[in-house]
Amino acid sequence: MRELSTAEWHVMESLWAGSPKVGSRIVADLKESVGWSRSTTLTMLRRMSDKGLILCEEGEDMKMYRPMLERREAVQKETQSFLDRVYQGSLSMLVNHFVEKDSLSREEIDELRRILDRVEEK
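So, a few notes on the structure that sits alongside this text.

1. So, the packing of helix H1 (residues 6-16) against helix H2 (residues 23-34)
For any two helices packed against each other, the geometry is given by the interaxial angle and the distance between the axes.
Phase 1 of the analysis: H2 packs onto H1 with a crossing angle of 120 degrees between their chain directions and a minimal axis gap of 10 Å. With respect to H2, the element H1 is oriented oblique. Our pair here, H1 against H2, has a crossing hand that is right-handed. Contacts between H1 and H2 involve His10, Val11, Ser14 and Leu15 on the former and, on the latter, Ile26, Asp29, Leu30 and Val34.

Okay, here's the thing in C-alpha cells:
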C-alpha cells in the first residue's frame, strides 16, 4: 500500500467512521470537516476508486462507497513512514524529542510505562 495524501486521508476518515456510505453523506462530511465543495469530493471519490483505495458500488438511485483498507493498516504505514523520514527509523529519538520538550503529561508517561511493561513481558 502506498502512502495516502492528506486529501485521501480526509475521505478515508469519513468512510472509516461508518461505511458503506452514500456519496451525498461523504460530501456533507467533507463540507463540514474541510470545507470541500460537492465537485471536489466527487472528484476525489472517483480518483480514489480508480486507484483501488475505495470501492464504489452502484445502487438503484445512488452510489455507495466503502474503504478497501483498514484504518489500522493505513496508520501503521503512515507511522513507519514518518518515523523513517523524520527520525531515521529510531523510535527512541521520537520519544526523546517529546521528553526533552516536557510535552508528555503524567497520563502519557504512565501509559508509556504500561506499554513498555507489556513489551518486556513478551
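The rest of the description comes next.
2. What about the nonpolar core?
Phase 1 of the analysis: Among the nonpolar cores identified, the biggest contains 17 residues, and Leu4, Val11, Met12, Trp16, Met48 and Ile54 are the most heavily contacted of them.
Phase 2 of the analysis: Elements with a minimum of two residues in this core: H1, H2 and helix H3 (38-51).
Phase 3 of the analysis: Of all the elements, H1 adds the most residues to this core, at 5 residues.
Phase 4 of the analysis: Apart from the residues lying within four places of it in its own chain, the contact partners of Leu4 are Trp9, Met12, Trp16, Leu53, Ala74 and Glu78.

3. Thoughts on the pattern of salt bridges
Oppositely charged side chains may form a pair once their charged atoms are brought near each other.
Phase 1 of the analysis: Under the counting rule described, the total for this entry stands at 10 salt bridges.
Phase 2 of the analysis: Between Arg25 and Asp29 there is a salt bridge, with the nearest N and O atoms lying 2.8 Å from each other. Of this pair, Arg25 and Asp29 both sit in helix H2, 4 residues apart, which is roughly one turn of the helix.
Phase 3 of the analysis: On the basis of relative accessible area, Arg25 is assigned to the partly exposed category, the value being 40%.
Phase 4 of the analysis: As a salt-bridge pair, Arg106 and Asp110 come within 3.3 Å of each other at their nearest N and O atoms. A residue pair is termed a helical-turn pair when its members lie 3 or 4 positions apart in one helix, as Arg106 and Asp110 do in helix H6 (residues 106-121) at 4 residues.
Phase 5 of the analysis: What makes Asp110 partly exposed here is its relative accessible area of 27%.
Phase 6 of the analysis: In this structure, a network of salt bridges that share partners links the residues Lys21, Arg25 and Asp29.

4. A word on the sheet that holds strand S3 (residues 63-67)
Phase 1 of the analysis: Spatial ordering of the open sheet is given by S1-S3-S2, a layout of 3 strands whose pairing is antiparallel. Each edge of the open sheet is held by one strand with a lone partner, namely strand S1 (21-22) and strand S2 (54-58).
Phase 2 of the analysis: Of the strand pairs in this sheet, S2 and S3 are connected by 5 bridges, and their pairing is antiparallel. Note that in S3 the partner of Glu58 across the bridge is Lys63.

Conventions adopted
Residues numbered from 1 in each chain as written. Predicted model: local features only at pLDDT ≥ 70, side-chain atom pairs only at ≥ 80, totals over all residues. Heavy atoms only, no water. Axes fitted to C-alpha atoms, helices over the stretch in contact; angles between N-to-C directions. Helix = DSSP H or I, 4+ residues; strand = E, 2+ residues; numbered from the N terminus. Parallel < 35°, antiparallel > 145°, perpendicular 65-115°, else oblique. Left-handed = near helix turned anticlockwise from the far one by under 90°. Contact = heavy atoms within 4.5 Å. Core = buried A, V, L, I, M, F, W, Y, C linked by side-chain atoms within 4.5 Å. Buried < 20%, exposed > 50% of the residue type's maximum accessible area, 1.4 Å probe, protein only. Salt bridge = Lys/Arg side-chain N within 4 Å of Asp/Glu carboxyl O. Pairing = 2+ DSSP bridges.

Remember that the coordinates give geometry; whether it matters functionally is a separate question.
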